[in-house]
Amino acid sequence: MTDPRPKRFYKIAAAERLGDGWTVALDGRTIKTPERAALAFPTRGLAEVIAAEWDAQEEHIDLLNLHLTRLANVAIDRTPDARDGMADELARFCETDLICHIAEEPEELIALEEGHWAPVRDWAADTLGVILVTTEGVRATPQPDASLEAARDYALSLDDFRLTGVVYAAALYGSALLAMAVCEGVLPAEEAFEMSKLDEAWQASRWGEDEEAAAATEAKREEARAIGRWFRGLAG
């Protein structure tokens, strides 16, 4: 059966200077976004991790594994015209933030969640002014308008690349607070992912985990590793 994926057509993927920024070149030819814009990055670090992503491709190019290239395409082609909507999206994640929904029982799980989640809520409140109310289980609770506005203001303070990353991370974690902590370097992206899976991990440790669920979790874990590389790359 013929592999539908495109064949690797280049030998070397490398970070290169592009004006005041950086790009990725494949055998010396720079990459374009789907909208035919230059794939230009603000830091050498981000260009290097995206070049590594392309360099890791084998005989065929697995487009689904080019996590950071896809994020960069969004940051360049879409985010500049969608900043207000993305800020609203981050605020909506605050309204149902995972780490504000504490288990109703047992006490062991409650203590586990709060031991990990409460410090993140406290950090967001003290540092960003995003003060969120906790609730039990899946029941909804209104969040303060001032906190939702603080989350929007935070989102709009970010450049296009960081804004793209924080909204992506919020969807991955189900938590705006975890995403903001990762963006600010307070938490590693991989640790934040494990914190978002505390309940599932606790359940699996007692009742086991089926192979399909484990595979889905591992795929998401790889996305968390990628978002970690994204923010580390943006740091330099």
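Going by the structure above, here's the rest.
Residues numbered from 1 in each chain as written. Predicted model: local features only at pLDDT ≥ 70, side-chain atom pairs only at ≥ 80, totals over all residues. Heavy atoms only, no water.

Draft legend 1. Up close: the pattern of salt bridges. Within the structure shown, the criterion is met by 17 salt bridges. The partner of Arg-152 in a salt bridge is Glu-149, and the shortest N-O contact between them spans 3.1 Å. One end of the pair is Arg-152 and the other is Glu-149, both in helix α5 (residues 145-157) and three residues apart, which spans about a single turn. Glu-223 is the partner of Lys-220 in a salt bridge, and the nearest nitrogen-oxygen pair spans 3.8 Å. Residue Lys-220 and its partner Glu-223 are located together in helix α10 (residues 211-234), separated by three residues, close to a single helical turn. On the basis of relative accessible area, Glu-223 is assigned to the buried category, the value being 16%. One network of salt bridges, in which partners are shared, links Glu-194, Glu-218, Arg-221, Glu-222, Arg-225 and Arg-229. (Salt bridge = Lys/Arg side-chain N within 4 Å of Asp/Glu carboxyl O. Helix = DSSP H or I, 4+ residues; strand = E, 2+ residues; numbered from the N terminus. Buried < 20%, exposed > 50% of the residue type's maximum accessible area, 1.4 Å probe, protein only.)

Draft legend 2. Just the environment of Ala-37, in detail. Assignment of secondary structure puts Ala-37 in the loop between β3 (29-30) and β4 (40-41). Ala-37 sits in the partly exposed class, given a relative accessible area of 26%. Along the primary structure Ala-37 and Ala-118 are separated by 81 residues, whereas in three dimensions their C-alpha atoms are 42 Å apart. The residues touching Ala-37, leaving out its near neighbours within four places in the chain, are Ile-31, Lys-32, Ile-76 and Asp-77. (Contact = heavy atoms within 4.5 Å.)

Draft legend 3. Quick look at the packing of helix α3 (residues 83-95) against α5. Relative orientation of the contacting elements α3 and α5 amounts to 140°, with a least axis distance of 8 Å. When the axis of α3 is compared with that of α5, the two are oblique. Crossing of α3 over α5 shows right-handed handedness. Of the residues in α5, those in contact with Arg-83, Asp-84, Ala-87, Asp-88, Leu-90, Ala-91, Cys-94 and Glu-95 of α3 are Leu-148, Ala-151, Arg-152, Tyr-154, Ala-155, Leu-156 and Ser-157. In terms of residue class, the contact of α3 with α5 is built from nine nonpolar, one polar and five charged. (Axes fitted to C-alpha atoms, helices over the stretch in contact; angles between N-to-C directions. Parallel < 35°, antiparallel > 145°, perpendicular 65-115°, else oblique. Left-handed = near helix turned anticlockwise from the far one by under 90°. Nonpolar A, V, L, I, M, F, W, Y, C, P; charged D, E, K, R; others polar.)

Draft legend 4. Structural view of unusual backbone geometry. Following Glu-105, the chain continues into Pro-106 via a peptide bond in cis, with omega recorded as -5°. Mapped onto the elements of the fold, Pro-106 is located in the loop between β5 (101-102) and α4 (107-128). The backbone phi angle of Arg-36 is positive, close to 70°, even though this residue is not glycine. Considering the arrangement of structural elements, one finds Arg-36 in the loop between β3 and β4. Take Arg-36: its relative accessible area is 61%, and that puts it in the exposed class.

Draft legend 5. Main features of the environment of Glu-149. Of the residues examined, Glu-149 reaches a relative accessible area of 38% and is grouped as partly exposed. For the pair Glu-149 and Gly-236, spaced 87 residues apart in the sequence, the C-alpha separation amounts to 29 Å. Separated by 3.1 Å, the side chains of Glu-149 and Arg-152 make a polar contact. (Polar contact = N/O pair within 3.5 Å; in protein donor to acceptor, adjacent residues only side chain to side chain.)

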